[in-house]
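Okay, here's what each chain looks like letter by letter:
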Amino acid sequence: MNLKEKFISAKKQGYRQSWLTAYDYPSARLLDESGIDLILVGDSLGMVVLGQKDTIEVTLPEIIHHLKAVRRGVTRAPVAADLSFGTYATPEQALVSSIQLIEAGADAVKLEGALPNQVSLLTSKGIEVIGHLGMLPQQVREEGGYHRKGKTESEAESLIQSALELQSAGCCALVLELVEESLSKDIRSKLDIPTIGIGSGECCDGQILVTSDLLGLQPWFRPSFVKPKADLATPFRNAVKEFISEVQALSL
Ligand code: KIV
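These remarks concern the structure in this document. Not measured: the values here are computed from a predicted model.

To continue, consider the side chain of Thr55. Looking at where Thr55 falls in the secondary structure, it is placed in the loop between α3 (45-48) and α4 (60-73). For Thr55, a relative accessible area of 3% corresponds to the buried category. If we ignore the near neighbours within four places in the chain, the residues touching Thr55 are Asp43, Ser44, Met47, Pro137 and Gln138.

Right, let's get into helix α8 (residues 153-169). Here α8 is 17 residues long and its end C-alpha atoms lie 24 Å apart, about the 24 Å a rise of 1.5 Å per residue gives. Here α8 has its buried residues at Ala156, Leu159, Ile160, Ser162, Ala163, Leu166, Gln167 and Ala169. A positive backbone phi angle near 120° is found at Gly170, which sits one or two residues after α8.

For strand β1 (residues 17-21), the tally of buried residues reaches four of five residues, placing the bulk of the element in the interior. Relative to strand β8 (residues 206-209), β1 runs parallel, the two being bridged by four bridges. Bridge pairing in β8 links Ser18 to Gln207. Of the strand pairs in this sheet, β1 and strand β2 (residues 38-41) are connected by three bridges, and their pairing is parallel. For Thr21, the partnering residue across the bridge sits in β2 and is Leu40. Between the parallel pair β1 and β2, the chain is carried across by helix α2 (residues 25-33), and the sense of this crossover is right-handed.

Next up on the list: the packing of helix α6 (residues 116-124) against α8. Think of two packed helices as two axes; the pair is described by the angle between the axes and how far apart they sit. Orientation of α6 relative to α8, taken along the N-to-C sense of each, is 20°, at an axis distance of 8 Å. Relative to α8, the element α6 is oriented roughly parallel. By crossing handedness, the relation of α6 to α8 is classed as right-handed. In this structure, α6 contributes Pro116, Val119, Ser120 and Thr123 to the contact, and α8 contributes Glu165, Leu166 and Ala169. Counted by class, the contact of α6 with α8 contains four nonpolar, two polar and one charged residues.

So, about the pattern of salt bridges. Taken as a whole and assessed by the stated rule, the structure comprises 10 salt bridges. Across the pair Asp107 and Arg71 runs a salt bridge whose closest N-O atoms are separated by 3.1 Å. Here Asp107 is found in the loop between α5 (91-103) and β4 (108-110), whereas its partner Arg71 is found in helix α4, with 36 residues between them in sequence. Using a relative accessible area of 34% as the deciding quantity, one classes Asp107 as partly exposed. Among the salt bridges present, the one from Arg188 reaches Asp205, with a minimum N-O distance of 2.6 Å. Taken together, the positions of Arg188 in helix α9 (residues 181-190) and Asp205 in the loop between β7 (195-198) and β8 put the pair 17 residues apart, joining distant regions of the chain. Relative accessible area serves as the criterion here: at 30%, Arg188 is assigned to the partly exposed category. According to the relative accessible area criterion, Asp205 is buried, its value standing at 4%. One connected set of salt bridges, linked through shared partners, spans Lys11, Arg188 and Asp205.

About the criteria used
Residues numbered from 1 in each chain as written. Predicted model: local features only at pLDDT ≥ 70, side-chain atom pairs only at ≥ 80, totals over all residues. Heavy atoms only, no water. Helix = DSSP H or I, 4+ residues; strand = E, 2+ residues; numbered from the N terminus. Buried < 20%, exposed > 50% of the residue type's maximum accessible area, 1.4 Å probe, protein only. Contact = heavy atoms within 4.5 Å. Expected span 1.5 Å × (residues − 1). Pairing = 2+ DSSP bridges. Right-handed = clockwise from strand over helix to strand, strands pointing away. Axes fitted to C-alpha atoms, helices over the stretch in contact; angles between N-to-C directions. Parallel < 35°, antiparallel > 145°, perpendicular 65-115°, else oblique. Left-handed = near helix turned anticlockwise from the far one by under 90°. Nonpolar A, V, L, I, M, F, W, Y, C, P; charged D, E, K, R; others polar. Salt bridge = Lys/Arg side-chain N within 4 Å of Asp/Glu carboxyl O.

Structural measurements only, silent on function.
Shown next, in the form of structure tokens:
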């Protein structure tokens, strides 16, 4: 069974998938050992690891570098990787870029936006593709912020249309980011492939989060929809402070 068949069958059985991001070996290994359903090497890499203000500057070689580390830590869960900004403007460019991600160890690639031609070419070559609709972080500069999608009827209709087109083009799953809850419920009911929500309410077939948001590792930036399950920044700082005190107390 390929990933798409597995995902469709999981959806039919009502299984709720849990996806998280990873960018390095130890976190990928811990996620895999904890039973996560999919690990995404997201272009959130730029904000979470590289200290950039958004995802636009992340390059494909950077994704590949981190993907290789993640791949080494994972034996069980599928690993997906984001096509970074500017690397899938045409179907042919998307193919060249996706092949690089697959060769670096990705089981699937993810791309943002209503790009059925890109998805058709990739899936015709046997590449598993995850779609991503709603708020598209790679367009944050044009949009002037992270705004919720699907508030107007025309926006909702266009999102439903795009979701159906991405499914017909062969996507194996669809990430819905910051989509109005009633709309994400509607999109879910119209698709055979699973919808994976982030800030789009409960009515998706699964949920994805940036792992450092879940773990409370970056208290300086927390999206409003995130309910952290831990506050790892505090034990991190305390351990460092304890180490500093111990070092300072050493006798020469
Ligand atoms: O880059 C990313 O981490 C994502 C998310 C959907 C979490 O695309």
